[in-house]
Amino acid sequence: MHVELYERIWMWIGAAIVVLFLGSILLPTAMYAIHPPSHIETLDPTAIATHPEFSAPAVTTHPDGRIVVSVVASMFSFNPDPIEVPANRPVTFRITSEDVIHGFEVVGTNANAMAVPGYVSQFTITFAKPGEYVISCHEYCGLMHHAMVGALKVK
Ligand code: CUA
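Summarised in this report is the structure supplied together with it. (Residues numbered from 1 in each chain as written. Predicted model: local features only at pLDDT ≥ 70, side-chain atom pairs only at ≥ 80, totals over all residues. Heavy atoms only, no water.)

1. Structural notes on the side chain of His145
Now for step 1: Tracing the sequence through the fold places His145 in the loop between strand 9 (131-136) and strand 10 (149-154).
Now for step 2: In contact with His145, not counting residues within four places along its chain, are Phe76, Cys137, His138, Glu139 and Tyr140. (Helix = DSSP H or I, 4+ residues; strand = E, 2+ residues; numbered from the N terminus. Contact = heavy atoms within 4.5 Å.)

2. Some words on the pairing of strand 9
Now for step 1: Both strand 6 (residues 102-106) and strand 9 contribute to a ladder of 2 bridges, which runs antiparallel. In the sheet register, Val106 faces strand 9, and the bridge partner there is Ile135.
Now for step 2: The sheet contact formed by strand 9 and strand 10 spans 6 bridges and is antiparallel. The residue bridging Val134 from the neighbouring strand is Ala151, located in strand 10. (Pairing = 2+ DSSP bridges.)

3. Notes on helix 1 (residues 5-32)
Now for step 1: With 28 residues, helix 1 extends 40 Å between its outermost C-alpha atoms, agreeing within 8% with the 40 Å of an ideal straight helix rising 1.5 Å per residue.
Now for step 2: If you look at helix 1, its biggest bend is around 25 degrees, right at Gly23.
Now for step 3: Counted residue by residue, helix 1 has 0 buried out of 28 residues, so it is predominantly exposed.
Now for step 4: With its phi angle positive at about 55 degrees, Ala33 sits one or two positions after the end of helix 1. (Expected span 1.5 Å × (residues − 1). Bend = angle between axes of the 7 residues up to and from the residue. Buried < 20%, exposed > 50% of the residue type's maximum accessible area, 1.4 Å probe, protein only.)

4. Brief notes about the sheet that holds strand 9
Now for step 1: If you trace the 5 strands from one edge of the open sheet to the other, you get 4-10-9-6-7, paired in mixed fashion. Only two strands of the sheet have a single neighbouring strand rather than two, namely strand 4 (83-85) and strand 7 (112-115). Neighbouring strand axes in the sheet, compared pairwise and without regard to direction, differ in orientation by 25 degrees on average. (Axes fitted to C-alpha atoms, helices over the stretch in contact; angles between N-to-C directions.)

Encoded structure:
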């Protein structure tokens, strides 16, 4: 089959753009560990007051040494606040919301998730640098969204 030169050039340009776009997704995934959440766990957002874990969200050290931080986001604060975790140890965050969609971002780190009512967002991260970090809500959640911040102390 004969394909005109100009047609071939445009086919190569089209193919190059597809490769470029796919690369712009795959490269950050591989280099910066940026990926969509894959943890699917649901709960009843209207029954958080009686939930075994989220009725009293806290930092807990499990018998096997895992550090788990349960967080409930609500208009317009995070509970617990402040959160205290050790440096250089993997910490698993489990986050949910009891009203609307909130964000949970530890500013200056890779810790970033959405807090969606009815779902538990979970990720594990190790903080290498001790210090005080700001936790910010990055989903518009109401009139006081801009004031929804928390503190994370890494010791
Ligand atoms: Cu919570 Cu914005």
